[in-house]
Amino acid sequence: MKMRKRPNILLTGTPGVGKTTLGKELSQRTGLTYVNIGDLAQEGELYDGFDEEYQCPILDEDRVVDELEEKMVDGGVIVDYHGCDLFPERWFHIVFVLRTDNTQLYTRLESRGYTGKKLQDNVQCEIFQIIYEEAMEAYKKEIVHQLSSNTPEDLEHNLEQIVEWTEQWMRDNN
């Protein structure tokens with residue numbers, strides 16, 4: 001019996017916009033495999049040093065890509081990461097960039113313990129749409145979509161939209 005084809009989805013955006021909440025719930029509703037790149041890197045120690053300024057490990061992007069390659073070829077994966085240009089374009093059928101109001105984002109990041117330059121830089125990243133522009137440069141424009149992620153209603157609307165898209169993709173490709 002031939003395995004059904006399933007899409008790969010990238011959820012990206014500034015830290016604190018709700019990628020993990022959306023990704024985990026989306027996985028529950030669709031049966032797709034959820035991969036949080038931060039967790040994957042931590043479990044496999046896929047680091048290339050430590051950034052003193054931001055007080056966080058530096059991701060070894062090549063090792064992350066190598067680690068994911070086989071899964072991505074099989075399909076059916078939701079990838080959650082705050083960057084997007086490290087992944088091969090061929091991996092994703094659709095890319096969702098989550099966006100959050102700056103005031104809300106500031107509060108969310110502060111509650112995570114972000115301070116100083118790290119806090120300011122992440123809020124500025126959202127203000128200047130850095131992740132969205134990165135996605136538009138890294139992937140075909142027609143597969144990149146922005147989603148508002150401010151309220152529980154936004155979350156539910158986004159889930160419904162992506163579940164519907166996933167079901168349609170599977171009907172069209174199987």
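One structure accompanies this document, and this report is about it. Computed from a predicted structure; not experimentally measured.

## Quick look at the overall build of the chain
Regarding its fold elements, the chain presents seven helices and seven strands. Listing each helix as α and each strand as β along the chain from the N terminus yields β-α-β-α-β-β-α-β-β-α-α-α-β-α. A compact globule built from 174 residues should have a C-alpha radius of gyration of about 16 Å, and the chain, at 16 Å, falls within 12% of that. With the C-alpha coordinates of the chain rotated into their principal frame, the extents come out at 55 × 35 × 30 Å. Relative to its full complement of 174 residues, the chain shows a buried share of 44%. Sequence separation of 24 or more characterises 72% of the internal contacts of the chain that already satisfy a separation of 6 or more. Accessible surface computed for the chain: about 9800 Å², of which carbon and sulfur atoms make up 46%. Treating the 18 positive side-chain charges of the chain as one cloud and the 34 negative ones as another, the clouds have centres 6 Å apart.

## Some remarks on the pattern of salt bridges
One pass over the structure, following the stated rule, counts six salt bridges. As a salt-bridge pair, K117 and E53 come within 3.8 Å of each other at their nearest N and O atoms. Taken together, the residues span a long stretch of sequence, with K117 in helix α5 (residues 116-127) and E53 in the loop between β3 (47-51) and β4 (56-59) at a distance of 64 residues. The partner of E126 in a salt bridge is R99, and the shortest N-O contact between them spans 2.9 Å. Here E126, found in helix α5, pairs with R99, found in strand β6 (residues 94-99); they are 27 residues apart in sequence, far enough to count as distant. Here the two residues E126 and R99 agree in accessibility, since each one is buried. Salt bridges sharing partners connect three or more residues here, namely E25, R29 and E156.

## Thoughts on the packing of helix α4 (residues 102-111) against α5
The geometry of α4 relative to α5 is characterised by a closest axis approach of 10 Å and an angle of 150 degrees between their N-to-C directions. The orientation of α4 with respect to α5, classified from their angle, is roughly antiparallel. For the pair α4 and α5, the crossing hand works out as right-handed. Here N102, L105, Y106, L109 and E110 of α4 lie close against α5, whose contacting residues are L119, Q120, N122, V123, E126 and I127. Grouping the constituent residues of the contact of α4 with α5 by class yields six nonpolar, three polar and two charged.

What counts, and where the lines are drawn
Residues numbered from 1 in each chain as written. Predicted model: local features only at pLDDT ≥ 70, side-chain atom pairs only at ≥ 80, totals over all residues. Heavy atoms only, no water. Helix = DSSP H or I, 4+ residues; strand = E, 2+ residues; numbered from the N terminus. Rg over C-alpha atoms; globule rule 2.2 N^0.38 Å. Buried < 20%, exposed > 50% of the residue type's maximum accessible area, 1.4 Å probe, protein only. Contact = heavy atoms within 4.5 Å. Areas by Shrake-Rupley, 256 points an atom, 1.4 Å probe, with all protein chains shown as cover. Lys, Arg positive; Asp, Glu negative; His and termini not counted. Charge placed at Lys NZ, Arg CZ, Asp CG, Glu CD. Salt bridge = Lys/Arg side-chain N within 4 Å of Asp/Glu carboxyl O. Axes fitted to C-alpha atoms, helices over the stretch in contact; angles between N-to-C directions. Parallel < 35°, antiparallel > 145°, perpendicular 65-115°, else oblique. Left-handed = near helix turned anticlockwise from the far one by under 90°. Nonpolar A, V, L, I, M, F, W, Y, C, P; charged D, E, K, R; others polar.

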